[in-house]
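Secondary and tertiary structure notes
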Amino acid sequence: GSGDASRAGADWRLAVWTLCSVLLPVLITAWCSFQRSRRQLLIRDIFRKSKHDWHYTDLFGQPSYCCVCAQHILRGAFCGCCGLRVCEACLKKADQRFLCKEIMMRGTAGAPSSMPHHWIRGNVPLCSCCMVCKQQCGTQPKLCDYRCLWCQYTVHDECMVDCLRTEDCTFGEFRDLIIPPYYLSAINQMRKEKRTSYDKVVPYCRKHWMPVMVLANTRSGNNMGETLLGEFKMLLNPVQVFDLSKIAPAKALQLCTWLPCNAVRVLVCGGDGTVGWVLDAIDEMKIKGQERYIPQVAILPLGTGNDLSNTLGWGAGYAGEVPVEQILRNVMEADGIKLDRWKVQVTNKGYYNLRKPKVFTMNNYFSVGPDALMALNFHAHREKTPSLFSSRIINKAVYFFYGTKDCLVQQCKDLNKKVELELDGERIELPNLEGIIVLNIGYWGGGCRLWEGMGDEPYPLARHDDGLLEVVGVHGSFHCAQIQVKLANPVRLGQAHTVRLILKSSKMPMQVDGEPWAQGPCTVTITHKTHALMLYHSGEQTDDDDASSLSE
């Protein structure tokens, strides 16, 4: 009997230990998960209420030290405006102790025309030099040395003297691009007093001041926009940097009315679609009577369709290879030019009095035929699975697939029998074609100079500011591909101030600046709408052919 009892006791103890060994890890995991979510809630709460632009990262890109406890940290929070880095435990202290970049000076009597440096300690950029002794800063493996948030100058701990703490900040290399906080305070005060002559306000009165505004589409180009926003906020006044996923261009551009006439430069970070969106908002400013505040537009090409930025010398796609400082230098040095913008009116056949015609604004090109069909197929699949289309390489591969697939299907066959084309009111006899492309700019199809083709034939020059459109025909997708690799010339149909295209029968794919749709019988009329003020960068372009320089 006693043996049975001891066996039962041993079984019971085994059951308890087994239960404990199963439950204990579960309870520990649940407790840790609860603590983590509680910690995340506290962090989110600090982020929400803070004046800093805090972000959390699991791994800093360079050796980093907490600005409060000075410990080496691999992960933690950083401010996208002032560059503070802090460990999780010290986040609340850092938020209370350190001021972020001031957008506007508050509580200052009179109208100040200068401000002292705003120094923060530690985590200075790699390869930065001390403004006093000219030796490298940030070389010691600890929290050391200072950086000014505005002029980006750095100083060793031992070189930091009291006079530097009170010395006026010069705003450094980009003083001509930065909107100083004291300027916004002065203008704000004058607006309250209903005074409009800003001529004596510094730096409004300075000759070379050309404030820049950065409008970034964070949805373009593999989330590159998010990183760029932070980098521009570090170098400029955060009030100059706008996220177009949170604020519409029309609202952002109202900042121009606080700035000198004809001096503002806008850097649009995004694809050609984003540029078109900003140019539409600038056209709205003209309608509102704000013509004298209209800015000049530079482009940092993100996303897939960058033919306009390529034409204007800004390249075919940015992948982080050029430092943000160099981009700002390029914007400062760029030359002003004009870009023709066109009105595309599509009137459906048989509905002249019943349905309003569709109206588009065109910056790049209009087409009917195989390239519009590729864009339509691509667009339909991107709508279904947007996550697949975040990479520029995947996008181009999908475009190639639809182009080769179309070679087999030949959906656009005998286009010349289905359409009539008029250039400046003159009917054009069309050869056997599958597509017609109307060009405003030099580049088409992701880096191809369509009007020039192989560059071996005499042809009139193509420009983007002469009020003329170039009209070409293509024999199909395979012909498009041959032109792209300089193995064929397009069918040059002519140049014109006004283009009229009548689709007599059947449904055809059409596109304006990469926005495709399927269109039934209609009349398409393309007329000059306005000029946009753009900035031209005489840097690298995708196509190195000698003929590429002719159209500029």
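Along each chain, the written sequence defines residue order, and numbers are assigned to residues from 1. Only residues with pLDDT of at least 70 are given local features in this predicted model, and only at 80 or more are side-chain atom pairs given and counted; all residues enter the totals for whole chains, interfaces and linings. Hydrogens and water molecules were not included; the side-chain quantities draw on all heavy atoms of the structure.

Under an unreviewed UniProt entry, the name given to the chain is Diacylglycerol kinase, and the source organism is Hypocryptadius cinnamomeus.

**With respect to the pairing of strand β12 (residues 296–301)**
It is a general feature of regular strands that their side chains alternate between the two faces of the sheet. Under the scheme applied here, a residue whose accessible area is under 20% of the maximum for its type counts as buried, over 50% as exposed, and between as partly exposed, the area being computed with a 1.4 Å probe on protein chains only. Secondary structure follows DSSP: runs of H or I at least 4 residues long count as helices, runs of E at least 2 residues long count as strands, and numbering of each begins at the N terminus. Of all six residues that make up β12, six are buried, and the element is covered over most of its length. By the alternation rule, side chains of β12 split into Gln296, Ala298 and Leu300 and Val297, Ile299 and Pro301, which are all buried. Pairing of strand β11 (residues 265–270) with β12 involves six bridges; the strand directions are parallel. Residue leucine 267 lies in a different strand from β12, and its bridge partner there is alanine 298. Following the chain from β11 across helix α7 (residues 272–287) to the adjacent parallel β12, one finds a crossover that is right-handed. At least two DSSP bridges between two strands are required for those strands to pair. The crossover handedness rule: strands pointing away from the viewer, path from first strand over the helix to second strand clockwise, crossover right-handed.

**Describing helix α13 (residues 477–484)**
The set of residues buried in α13 consists of Ser477, His479, Cys480 and Ile483. Looking down the long axis of α13, one finds its buried residues gathered within 160° of arc, a one-sided arrangement. Among the residues trailing α13, lysine 486 stands out with phi positive, at a value near 60°. Read the arc as the range of directions from the helix axis to the C-beta atoms.

**Quick look at the confidence of the model for the chain**
Per-residue confidence from the predictor is reported as pLDDT, a score between 0 and 100. Confidence along the chain averages 84 in pLDDT terms, with 89% of residues attaining 70 or more. Two residues qualify as a contact provided that any one of their heavy atoms is within 4.5 Å of a heavy atom in the partner residue. A low-confidence stretch, residues 396–409 stays under pLDDT 50, and its non-local contacts, those more than four residues away or across chains, total 18 contacts. Every residue in residues 541–552 scores below 50 in pLDDT, and together they form 30 contacts with partners more than four places removed in sequence or on other chains.

**Here's the deal with the packing of aromatic side chains**
Stacked, tilted and edge-to-face pairs are distinguished by plane angle, under 30 degrees for stacked and over 60 for edge-to-face with tilted covering the rest, among Phe, Tyr and Trp rings (Trp via its six-membered ring) whose centres lie within 6.5 Å. Inspection of the entire model under this criterion finds five aromatic pairs. An angle of 70° between the planes, with centres 5.7 Å apart, marks the rings of tryptophan 150 and phenylalanine 171 as edge-to-face. Within this pair, whereas tryptophan 150 is found in the loop between β7 (146–148) and β8 (154–155), its partner phenylalanine 171 is found in the loop between α3 (162–166) and α4 (181–192), the two being separated by 21 residues in sequence. Overall, tryptophan 150 belongs to the buried group, its relative accessible area being 2%. Classification of phenylalanine 171 by relative accessible area gives buried; the value is 6%. Centroid distance tyrosine 183 to tryptophan 209: 5.0 Å. Interplanar angle 65°. Geometry classified as edge-to-face. Remark: tryptophan 209 occurs in the loop between α4 and β9 (212–216) and tyrosine 183 occurs in helix α4; sequence separation between them is 26 residues. You'll find tyrosine 183 and tryptophan 209 in the same group, each marked buried. Taken together, Trp150, Phe171 and Tyr182 form an aromatic cluster joined through their ring pairs. Note on criteria: charge over ring means Lys NZ or Arg CZ within 6 Å of the ring centre, with the direction from the centre no more than 35 degrees off the ring normal. If you follow arginine 165 out to its NZ or CZ, it ends over the ring of tyrosine 146, 5.5 Å from the centre.

**Topic: the nonpolar core**
We define the nonpolar core as a collection of buried residues of types Ala, Val, Leu, Ile, Met, Phe, Trp, Tyr and Cys that are connected through side-chain atoms lying within 4.5 Å of one another. Core analysis: the largest hydrophobic core is formed by 104 residues, its most contacted members being Val86, Tyr183, Met213, Phe232, Leu236, Leu253 and Met534. Apart from residues no more than four positions distant in its own chain, methionine 534 is found in contact with Val275, Leu279, Gln296, Val297, Ile299, Leu312, Asp335, Gly336, Ile337 and Leu339. Grouped together as the second largest cluster of nonpolar side chains are 30 residues, Val368, Ile436, Val438 and Cys522 included.

**Brief notes about the pairing of strand β24 (residues 522–536)**
Of the pairings in the sheet, the one linking strand β13 (residues 335–348) to β24 comprises 14 bridges and is antiparallel in character. Within β24, the residue paired with aspartate 335 across the bridge is tyrosine 536. Looking at chain direction, strand β21 (residues 499–503) and β24 are connected through five bridges and run antiparallel. Among the inter-strand pairings, arginine 500 is bridged to a residue of β24, identified as threonine 525.

**Some remarks on the environment of isoleucine 337**
One can find isoleucine 337 in strand β13. Once the C-alpha coordinates of isoleucine 337 and alanine 532 are considered, the two residues, 195 residues apart in sequence, prove to be 8.4 Å apart. The contacts of isoleucine 337, once residues within four sequence positions are left out, are Leu312, His464, Ala532, Leu533, Met534 and Tyr536.

**A few points about the pattern of salt bridges**
Each reported salt bridge corresponds to a side-chain nitrogen of Lys or Arg within 4 Å of a carboxyl oxygen of Asp or Glu. Tallied over the entire structure, the rule returns 14 salt bridges. One salt bridge in this structure joins aspartate 283 and lysine 286, with 3.6 Å as the shortest N-O distance. Residue aspartate 283 and its partner lysine 286 are both found in helix α7; the two are separated by three residues, about one turn of the helix. Under the relative-accessibility criterion, lysine 286 is labelled partly exposed at 23%. Residue glutamate 420 is joined to lysine 504 by a salt bridge in which the shortest nitrogen-to-oxygen separation is 4.0 Å. Pair noted here: glutamate 420 is in strand β16 (residues 419–423) and lysine 504 is in the loop between β21 and β22 (508–512), with a separation of 84 residues, a long-range link. Given a relative accessible area of 33%, lysine 504 falls into the partly exposed group. Three or more residues are tied together by salt bridges with common partners; here these are Asp280, Asp283, Lys286, Arg341 and Lys529.

**Notes on the sheet that holds strand β4 (residues 76–79)**
An order of β1-β4-β5 is seen for the three strands of this open sheet, with the pairing classed as antiparallel. Lying at the two open borders of the sheet, with one neighbouring strand each, are β1 (54–57) and β5 (85–86). In the sheet, β4 pairs with β5 via two bridges, with the strands oriented antiparallel. Pairing of alanine 77 across the sheet is with valine 86, part of β5.

**Overview of the side chain of arginine 85**
Take arginine 85: it is sitting in strand β5. As used throughout, the charge tally considers Lys and Arg to be positive and Asp and Glu to be negative, leaving His and the chain termini uncounted. Here arginine 85 sits buried without a salt bridge, and the closest side chain of opposite charge, glutamate 231, lies 9.8 Å off (N-O distance). Counting of polar contacts relies on pairs of N or O atoms within 3.5 Å, with two restrictions inside protein: one atom must be capable of donating a hydrogen and the other of accepting it, and residues adjacent in sequence are counted only when both atoms are side-chain atoms. Among the polar contacts listed, one links the side chain of arginine 85 to the side chain of serine 64, at a separation of 2.7 Å. Excluding anything up to four places from it in sequence, arginine 85 contacts Phe60, Gln62, Ser64, Tyr65, Cys66, Cys67, Ile73, Ala77, Phe78 and Asn123.

**Focus: α7**
Expected helix span is given by 1.5 Å per residue-to-residue step, counting one fewer step than there are residues. With 16 residues, α7 should cover 22 Å at 1.5 Å per step; its first-to-last C-alpha distance of 23 Å lies within 8% of that length. Of the positions making up α7, those classed as buried are Asp272, Thr274, Val275, Gly276, Val278, Leu279, Ala281, Ile282, Asp283 and Met285.

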